[in-house]
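# Inside the fold
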Amino acid sequence: MASETVRSLILPALGTLGTGFVAIVSIVDVGTARARYKVKAPATEPSPDTSEEDKQAWARAYRQYMNLIEWTAISQPIFWVSALVTREAFGPNSKPFKAVTYASAIWPIARLGYGKAYQKSAEARGSYFGIQSLCVLTALLVGAVSAGKIARQEFSKK
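In this report, we go over the structure that sits alongside the text.

What counts, and where the lines are drawn
- Residues numbered from 1 in each chain as written.
- Predicted model: local features only at pLDDT ≥ 70, side-chain atom pairs only at ≥ 80, totals over all residues.
- Heavy atoms only, no water.
- Patch = residues over 30% accessible without salt bridge, like charges linked within 9 Å, V, L, I, M, F, W, Y side chains within 5 Å.
- Areas by Shrake-Rupley, 256 points an atom, 1.4 Å probe, with all protein chains shown as cover.
- Salt bridge = Lys/Arg side-chain N within 4 Å of Asp/Glu carboxyl O.
- Helix = DSSP H or I, 4+ residues; strand = E, 2+ residues; numbered from the N terminus.
- Phe/Tyr/Trp six-rings, centres within 6.5 Å; stacked < 30°, edge-to-face > 60°.
- Buried < 20%, exposed > 50% of the residue type's maximum accessible area, 1.4 Å probe, protein only.
- Lys NZ or Arg CZ within 6 Å of the ring centre and 35° of its normal.
- Expected span 1.5 Å × (residues − 1).
- Contact = heavy atoms within 4.5 Å.

Okay, a nonpolar patch on the surface next. On the surface, Ile10, Leu14 and Leu17 cluster together to form a nonpolar patch covering roughly 300 Å² of accessible area. Inspection of the secondary structure assignment puts Leu17 in helix α2 (residues 10-37).

Structure representation (structure tokens):
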């Protein structure tokens, strides 16, 4: 049976595993777009004779992947550090801890929606971007408050 600590961190773990799944889907989408728009690696742009519509479609497929990589590098450390310090600062049953862990689990779902919507049109990604941004900002703010609480306790010891 899993320990209490592992059970309390299952949502961030599922969020990280979900992010891996989303990354694989995104890689497959870019590979499919490479074949469709004849963009041979390591090139990142289609040939000049490609139609403007196809150039835009390729750009959206490529950008959704690059954007995922950028946001993954930002979000995953924030989710994990925030979950760990918030668990310590407020406890595993607290509202702040639950906010961080749910944000961690929701993020890859929003990212998957973002990637699929962006490939259809740049305008379609907006609501997904808002959700995933809110998830990261929630974890960042709660984590910062939690770290501040722990630091204050540690530095005020005499």
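The final tally for this structure, using the stated rule, is five aromatic pairs. An angle of 65° between the planes, with centres 6.1 Å apart, marks the rings of Phe79 and Trp107 as edge-to-face. On the criterion of sequence distance, the pair formed by Phe79 in helix α3 (residues 52-90) and Trp107 in helix α4 (residues 95-120) is long-range, its members being 28 residues apart. One exposure class covers both Phe79 and Trp107, and it is buried. Between Tyr114 and Phe129, the ring centres sit 6.2 Å apart and the planes meet at 45°, which makes this aromatic pair tilted. Taken together, the residues span a long stretch of sequence, with Tyr114 in helix α4 and Phe129 in helix α5 (residues 126-155) at a distance of 15 residues. Note on Phe129: relative accessible area 35%, which makes it partly exposed. Three or more aromatic residues joined by ring pairs form one cluster here, namely Trp71, Tyr114, Tyr118 and Phe129. Above the face of the Tyr114 ring, Arg111 is positioned so that its terminal group lies 4.1 Å from the ring centre. Its end group placed over the ring of Tyr118, Arg125 keeps NZ or CZ at 4.3 Å from the ring centre.

Given 3.6 residues per helical turn, the α-helix brings residues three or four places apart onto the same face. For α2, which comprises 28 residues, the first-to-last C-alpha distance of 40 Å matches the rise-based estimate of 40 Å (1.5 Å per residue) to within 8%. Among the residues making up α2, those that are buried are Pro12, Gly15, Gly18, Thr19, Val22, Val25, Ser26, Asp29, Val30, Ala33, Arg34 and Tyr37. Taken together, the buried residues of α2 touch α3 and α4. Following α2 by one or two positions, Lys38 has its phi on the positive side, about 55°.

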